[in-house]
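Survey of secondary and tertiary structure
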Amino acid sequence: MVAASVVALMVLTGCSREPKPLAFEPNLVHAMKYQIKEGVPMEQASDDAFWIVTEMFGTPDQPKLPTIVTEDEDLASLVSVENLVKASGKIGEPGRGLYQTHCVTCHGVTGNGRGELSSTMSPYPRDYRKGVFKFKSTERGEKPTREDLAGLIKNGINGSRMVAIPNLTEEDVEALVDYVIYLSWRGELERMLIDDAIYELDFEEGERIINPAFQSSVVEEEKEAFEDSWELAEDFAVEIAEAWLEAPDAIAEVPEPPADFVVPDSYEEFVVAMSGDQAAVLAASVARGGELFKGKIAACSKCHGEKGRGDGQNTDYDDWTKEWTLGIGLKPENRDELISLMARGALPPVNAKPRNFELGAFHGGEKAEDLFRRITQGIEGSPMPAVTFVDGEFEEDDVWHLINYVRSLKKLEEQPQT
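In short, a report on the structure. (Residues numbered from 1 in each chain as written. Predicted model: local features only at pLDDT ≥ 70, side-chain atom pairs only at ≥ 80, totals over all residues. Heavy atoms only, no water.)

A word on the overall build of the protein
Short version of the rule: Put simply, DSSP H or I for four residues or longer makes a helix, DSSP E for two residues or longer makes a strand, and each gets a number counted from the N terminus. Residue burial is assigned from relative accessible area. The probe radius is 1.4 Å, only protein chains are included, and a residue is buried under 20% of its type maximum, exposed over 50%, and partly exposed in between. When checking whether two residues touch, look at their non-hydrogen atoms; a contact exists if any pair is within 4.5 Å. Note that accessible areas follow from Shrake-Rupley with a 1.4 Å probe, and for residues the cover is restricted to the protein chains shown.
When helices and strands are tallied, the protein shows 18 helices and zero strands. If you line up the protein on its principal axes, its C-alpha atoms span 80 × 65 × 50 Å. Taken over 418 residues, the protein has a buried fraction of 47%. Of the contacts made within the protein by residues no fewer than 6 positions apart, 65% connect residues no fewer than 24 positions apart. Of the roughly 22,000 Å² that the protein leaves accessible, carbon and sulfur atoms contribute 50%.

Take a look at the structure:
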């Protein structure tokens, strides 16, 4: 009797049905922030932008690329449609489902950083749709390289909840890289269409980003209006693709350290060097780095604290949060003002916490060249700016001293006595 009741309940509640198809979500937060800021209705604009990106990029089950991309050899080289098919689709689907299996619980189906576990994390998982990535080898303002994304997927982010994914083949990693670029490309296009519309169109006069009904219209004026709107969207899609293709040419070069002092590549190397022939030179470098760290020019201690514990200024927010709060005149701390945005998918604002160097975990990599880029380029999307050089006070060589000092701050965990 009990078994029969359970079966009946499963039927009534739909548990026996096929799971719903995967679906992308429109960027309602991006549209709503403009509705609040400009005082204009944005529902139609959001619908139009979402229609375009769906027509161009397909669905999570059936991804595709814009025709203007697939017909151009260079643009088509950005991502492989074969890889998109492999990475997309459902868990357990033969030859597919990589993103759903390994990434979706944090980054979400749409790549919006709103997976089912995202609200438990600080910082939140990356929202790819802004087209901004923190940890990369390229200059500030540029896209990451494929190698940057592959390294993060393969090795994880040290000190974060993004861990290395075991058992991934090189082909799996490449497929996931393609899919992350695809989600970012799609999401950034949707944002660009809305951005352009808010400044170029008169919504109160009924102007639209695009009117799908005009696609097959026999009225020449309507047909031309559709084609003009579609061509603009294609131009934006190409602009984003070209930015990704240009990333390898925008790698931030890292010079060789001066020959007169050592710059270890890890804490283990640092410990060895502090006990070797170059201990005095390294100690002097650490001392110089400490002066810079606490000085007014590098001003690292302002956020990271006098002892590098991450206990300095810690009430700032990352750019993803600032965009829909401070960017439109809303205080992140005033949750009542944010209700309409959080109801549309924004996660509650959390402060961007400076790194505690005593932990010895560097999200963007621990090698000296990684730290050099973090200092000279800043961390894009975060409150950490690029350093400013001042002749005679803080110059390029001083970055290496700063790296040695930061490395020296790691505290080893005390081992329990036996």
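Regarding the packing of helix H17 (residues 368–377) against helix H18 (residues 396–408)
To be explicit about the condition: Structural elements are reduced to axes, namely lines fitted to C-alpha atoms, with helices fitted over the stretch in contact, and the angle between N-to-C directions of any two is expressed from 0 to 180 degrees. Roughly parallel covers angles under 35 degrees, roughly antiparallel covers those over 145, roughly perpendicular covers 65 to 115, and oblique covers all other angles. Definitions for this section: a left-handed crossing has its near helix turned counterclockwise from the far helix by less than a right angle. A right-handed crossing has that turn clockwise. Following the grouping adopted for this structure description, the nonpolar residues are Ala, Val, Leu, Ile, Met, Phe, Trp, Tyr, Cys and Pro, the charged ones are Asp, Glu, Lys and Arg, and the polar ones are all others, Gly among them.
Contact geometry of H17 with H18 gives a least axis separation of 10 Å together with a crossing angle of 115 degrees. Considering the angle they form, H17 stands roughly perpendicular to H18. Viewed along their axes, H17 and H18 form a crossing whose handedness is right-handed. Two secondary-structure elements touch here, H17 through Ala368, Leu371, Phe372, Ile375 and Thr376 and H18 through Glu396, Val399, Trp400, Leu402, Ile403 and Arg407. Considered class by class, the residues forming the contact of H17 with H18 number eight nonpolar, one polar and two charged.

Some words on the state of the cysteines
Quick reminder of the rule: Disulfides are defined in this document as cysteine sulfur pairs within 2.5 Å.
Considering all chains together, one arrives at zero disulfides under this definition. Here Cys106 stays unpaired: no disulfide links it, and the sulfur of Cys103, its closest cysteine neighbor, is 8.6 Å away. Judged by relative accessible area, which is 18%, Cys106 ranks as buried.

Side note on the pattern of salt bridges
Once their charged atoms are close, side chains differing in charge can pair, the charge on each being opposite to the other. Test applied: Should a side-chain nitrogen of Lys or Arg be within 4 Å of a carboxyl oxygen of Asp or Glu, the pair is scored as a salt bridge.
Scanning the entire structure with this criterion turns up 18 salt bridges. With a closest N to O distance of 2.6 Å, Lys154 and Glu170 form a salt bridge. Taken together, the residues Lys154 in helix H9 (residues 146–155) and Glu170 in helix H10 (residues 170–200) connect sequence positions 16 residues apart. Classification of Lys154 by relative accessible area gives partly exposed; the value is 41%. A salt bridge links Arg309 to Glu358, with the nearest nitrogen and oxygen atoms 2.9 Å apart. Of this pair, Arg309 sits in the loop between helix H14 (301–304) and helix H15 (319–324) while Glu358 sits in the loop between helix H16 (339–342) and H17, and the two are 49 residues apart along the sequence.

Considering the environment of Cys106
Inspection of the secondary structure puts Cys106 in helix H8 (residues 104–107). Counting along the chain gives 64 residues from Cys106 to Met42, while the straight-line C-alpha distance between them is 28 Å. If near-sequence neighbours (up to four positions away) are discounted, Cys106 is found in contact with Gly113, Arg114, Gly115, Ser118, Met121 and Pro125.

Some remarks on the packing of H10 against helix H11 (residues 220–245)
Remark: H10 packs on H11, axes separated minimally by 10 Å, with the N-to-C direction vectors making an angle of 135 degrees. By the angle between their axes, H10 is oblique relative to H11. The chirality of how H10 crosses H11 is right-handed. Of the residues in H11, those touching H10 at Ile181, Ser184, Trp185, Glu188, Leu189, Met192, Leu193 and Asp196 are Leu232, Ala233, Phe236, Ala237, Glu239, Ile240, Ala241 and Trp244. When grouped by side-chain class, the residues that make up the contact of H10 with H11 number 12 nonpolar, one polar and three charged.

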